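# Structure assessment
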Amino acid sequence: VPTIVDIGCGYGGLMFELQKEFPHNLILGMEIRDTVANFVAQKIHSVRNNEKQCFNVGVVKTNTMKTLHNYFKKESVSRLIIDLSLLIA
């Protein structure tokens, strides 16, 4: 069960930094854009194979506003990160 969630993870930069600071936590990125989520999944796969890191990171393509409650047990998330950079113009 993920304990750190990055909503609107974009290209995963924050997740890749968080996995260094929290190697024993499972980190899940949630992204609504299909192509971006696929890019992050490929990047995770590449880092796992080449650098032997990111085994605690994953990404899912989803509309978080509609489905967030389906992914986690009650009180299981310790950190919830929401990327608001798309709202800043």
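Everything discussed here concerns the structure shown above.
Keep in mind that what you see is a predicted model, and the values were worked out from it rather than measured.

Analysis parameters
Residues numbered from 1 in each chain as written. Predicted model: local features only at pLDDT ≥ 70, side-chain atom pairs only at ≥ 80, totals over all residues. Heavy atoms only, no water. Helix = DSSP H or I, 4+ residues; strand = E, 2+ residues; numbered from the N terminus. Contact = heavy atoms within 4.5 Å. Buried < 20%, exposed > 50% of the residue type's maximum accessible area, 1.4 Å probe, protein only. Polar contact = N/O pair within 3.5 Å; in protein donor to acceptor, adjacent residues only side chain to side chain.

### Describing the environment of isoleucine 32
Within the secondary structure, isoleucine 32 sits in the loop between strand 2 (27-31) and helix 2 (34-51). Isoleucine 32 sits 11 residues away from glutamate 21 along the chain, and the two C-alpha atoms are 25 Å apart. Those residues in contact with isoleucine 32 that sit more than four places away from it in its chain are Lys61, Thr62 and Asn63.

### A few points about unusual backbone geometry
Within the chain, lysine 52 stands out as a residue other than glycine whose phi angle is a positive 55 degrees. Among the structural elements, lysine 52 can be located in the loop between helix 2 and strand 3 (57-61). Look at lysine 52 and you get exposed, because its relative accessible area is 58%. Phi is positive for glutamate 75, close to 65 degrees, though the residue is something other than glycine. Secondary-structure assignment places glutamate 75 in the loop between helix 3 (64-67) and strand 4 (79-82).

### Some thoughts on the side chain of serine 76
Residue placement: serine 76 occurs in the loop between helix 3 and strand 4. A polar side-chain atom of serine 76 sits 2.9 Å from the main-chain carbonyl oxygen of lysine 73. Dropping the residues within four chain positions of it, serine 76 is found in contact with Val1, Pro2 and Thr3.

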